[in-house]
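Commentary on secondary and tertiary structure
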Amino acid sequence: MSKKRKKAKQPAAKAKRSDSSVGIITGEKLFGSLLTNGYTSLDQNPEVLTCCRKIADLISSMTIHLMANTQNGDQRIVNELSKHVDIYPNRYMTRKVWMNAIVMDLLLYGKGNAVVIPQTEGGRLGDLVIQPPPTVSFIDDGYGYKVNVSGEIFDPDELLHFVLNPDRYRPWKGTGINVGVMDVVNNLKQARSTEKGFLESNWKPAVIIKVDGLTDEFSTKEGRKTLIEEYVQTDPGEPWIVPSEFMDVQSVKPLSLSDLAIKDTVELNKKTIAAIIGVPGFLLGIGTYNETEWNSFINTTVKTIAEIITQEMTKKLLISEKMYFKFNAASLYSYDIQKLADVYSNLRAIGVVTGNEVRDKLGLSPREEDHMNQLVMLENYIPSEKLGDQSKLKDGDGDE
C-alpha cells in the first residue's frame, strides 16, 4: 500500500488515473436517447388517433334518415334519395366509409374542415365526392368566402362544407382540435421517449464495485476485465472472495419509471386529451367502463358532430322546406336487452307501439297476425277501437 501512496504523489500517476478508471458521464451520453426532436402531427399520436377514430366509427355507424314534417309529427321518408344518401353516397364507397372519411377530415386531416362536391347525372344527385384536404383552400371575400379546390373556385352554395370549431375571426372556417391538444401531445411524446430511452439505457447496474483507482492494473479496460474474471465471475451459488484492501462491493437499486412519475404524467395527459376531444377516459385505458359516461358522450360529442353534418346536407341537398336529414343516434346508446324489452313492453301496454315495433327493437322479424300491427291496451290487449266493448264497462243487459 505504501508504494501506491508514493505513486499518487507523482504527476504522471495522476494523469494516468484521470485517463482511465475515473470518468465523467456527459449529459449527451446519459440522456441523449431521451431527447425528442422535430414536429409530430396529431394523426401520429396514438391517443388522439384513437379518440378520433372512435368518434368517426360511431357516427359512420348511424343510419341517415330522411325525415318530413307532418301534422302528426315528423315521419321517416323512404325513397330513392334517402337510399342514395344512406347506402351509396359514392359509387366507390359505402355510407360508413364515406362518412368515416368526412369525420376524420373534420377532426384531424382537414383541421376542422371537410369539403364534398355533389355531382349530378341528368338532373339527379350523383356521387358525393370528398375532396382531399391538401387540395382545398379558402379565400376571404368580404363577409363571405370562396373555396379553391385544385385551382377551381367554388361558391359555398355549390358544395358541402362541414365546419368544426369555427375560427374566431372567420366563423365560416373550422379550426379542428389542433390548438387545444397540441401541447399535451408534445408532453406524451416526451414521456414515451423518456420511457423508451430509460428501458434501453445501459446506465442501470445492479452491482457497483469500488476499487483503488491508483492501482496500475485497474487503469486500463483490459485490467478491469481481468478483475471481473478473477474475482466477480463465479459459478452460480458460489460466494465472491475479494481482497478487502482494495475492493468494496455494493448492491444498488436502479432508478425505476415509478421514481420518474412517468405513469402519473401519462395518465394525466391522456385524461386531458380525452376531455379536450370529448371522449370518455376509459377509451384511452384510464378508468373502467361507465354506462352513464358513455351515454353522455353520445349525447354531446357524437350528436354535436352529427348535427353539423346533417344540417349542412339538409341546407344544400334538399329543396323541400318540410324535409331534413337526421342520424339515428338511438342505436348508439348503451342499454341491455332486458331494459329494452321492459321499456317497449310498457309502451305497448299503453297503446303507444305495436307488437311488431317491439319485435323490431329486439332484433326479431315481424309477424303477420293482424293484432301484431294494432295498437292495444288495458286487459287482454284488445284493439284500441274496441275499448268500449269491454264487459266491465257495461251492465248485464249490454247497456253502458
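Reading the values: the criteria
Residues numbered from 1 in each chain as written. Predicted model: local features only at pLDDT ≥ 70, side-chain atom pairs only at ≥ 80, totals over all residues. Heavy atoms only, no water. Pairing = 2+ DSSP bridges. Helix = DSSP H or I, 4+ residues; strand = E, 2+ residues; numbered from the N terminus. Axes fitted to C-alpha atoms, helices over the stretch in contact; angles between N-to-C directions. Left-handed = near helix turned anticlockwise from the far one by under 90°. Contact = heavy atoms within 4.5 Å. Nonpolar A, V, L, I, M, F, W, Y, C, P; charged D, E, K, R; others polar. Buried < 20%, exposed > 50% of the residue type's maximum accessible area, 1.4 Å probe, protein only. Polar contact = N/O pair within 3.5 Å; in protein donor to acceptor, adjacent residues only side chain to side chain. Disulfide = S-S within 2.5 Å. Core = buried A, V, L, I, M, F, W, Y, C linked by side-chain atoms within 4.5 Å.

**Some thoughts on the pairing of strand 6 (residues 144-149)**
- Two elements, strand 5 (residues 136-141) and strand 6, share six bridges in a ladder whose sense is antiparallel. Note on strand 6: the bridge partner recorded for aspartate 141 is glycine 144.
- Between strand 5 and strand 6, which pair antiparallel and follow one another directly, the connecting turn spans two residues, one of which, glycine 142, has a positive phi of 70 degrees.
- Sheet topology note: the strand 6/strand 7 (residues 152-154) ladder contains three bridges and is antiparallel.

**Concerning the packing of helix 4 (residues 46-61) against helix 6 (residues 95-109)**
- Contact geometry of helix 4 with helix 6 gives a least axis separation of 8 Å together with a crossing angle of 145 degrees. Seen along the crossing, helix 4 lies across helix 6 with a hand that is right-handed. Between helix 4, through Val48, Leu49, Cys52, Arg53, Ile55, Ala56, Asp57, Ile59, Ser60 and Ser61, and helix 6, the contact on the second element is made entirely by Arg95, Lys96, Met99, Asn100, Val103, Met104, Leu107, Leu108 and Tyr109.
- Among the residues forming the contact of helix 4 with helix 6, the class breakdown is 12 nonpolar, three polar and four charged.

**Examining the side chain of histidine 84**
- You can see histidine 84 is positioned in helix 5 (residues 80-87).
- With relative accessibility at 9%, the residue histidine 84 sits in the buried group.
- Engagement of the side chain of histidine 84 in a polar contact is seen with the backbone oxygen of glycine 126, the distance being 2.7 Å.
- Once residues lying within four places of it in the same chain are set aside, the contact partners of histidine 84 are Pro89, Leu125 and Gly126.

**Quick word on helix 5**
- Along helix 5, the positions that sit buried rather than exposed are Ser82, His84, Val85 and Asp86.
- Two or three places before leucine 81, at the opening of helix 5, asparagine 79 has a side-chain oxygen 3.1 Å from that residue's backbone nitrogen.

**Some details on the state of the cysteines**
- For the structure on display, the rule yields zero disulfides.
- We note that cysteine 51 lacks a disulfide partner, and the nearest cysteine sulfur, in cysteine 52, lies 6.6 Å from it.

**Topic: the sheet that holds strand 3 (residues 113-121)**
- Within the open sheet, the three strands sit side by side as 4-3-8. Their pairing is antiparallel. Since the sheet does not close on itself, it has two edges, and those belong to strand 4 (124-130) and strand 8 (160-163), each with one partner. Each adjacent strand pair in this sheet contributes to an overall mean axis angle of 25 degrees, direction not counted.
- Both strand 3 and strand 4 contribute to a ladder of five bridges, which runs antiparallel. Within strand 4, the position partnered with proline 118 by the bridge is leucine 128.
- Here helix 6 sits on the sheet and contacts strand 3, strand 4 and strand 8; the angle it forms with strand 3, its principal contact strand, is near 145 degrees.
- On the sheet, helix 10 (residues 291-317) packs against strand 3, strand 4 and strand 8 and is oriented at approximately 155 degrees with respect to strand 8.

**Observations concerning the nonpolar core**
- Ranked by size, the top nonpolar core spans 51 residues in total, and within it Val48, Ile55, Ile59, Phe162, Ile309 and Met313 carry the most contacts.
- If one sorts the elements of this core by residue count, helix 10 sits on top with nine residues.
- Beyond its immediate stretch of four places on either side in the chain, phenylalanine 162 contacts Ile102, Leu106, Gly112, Asn113, Ala114, Val116, Ile308, Ile309, Glu312 and Met313.
- Counting residues in hydrophobic clusters, the runner-up holds 10 residues, among them Val115, Phe138, Leu159 and Trp172.

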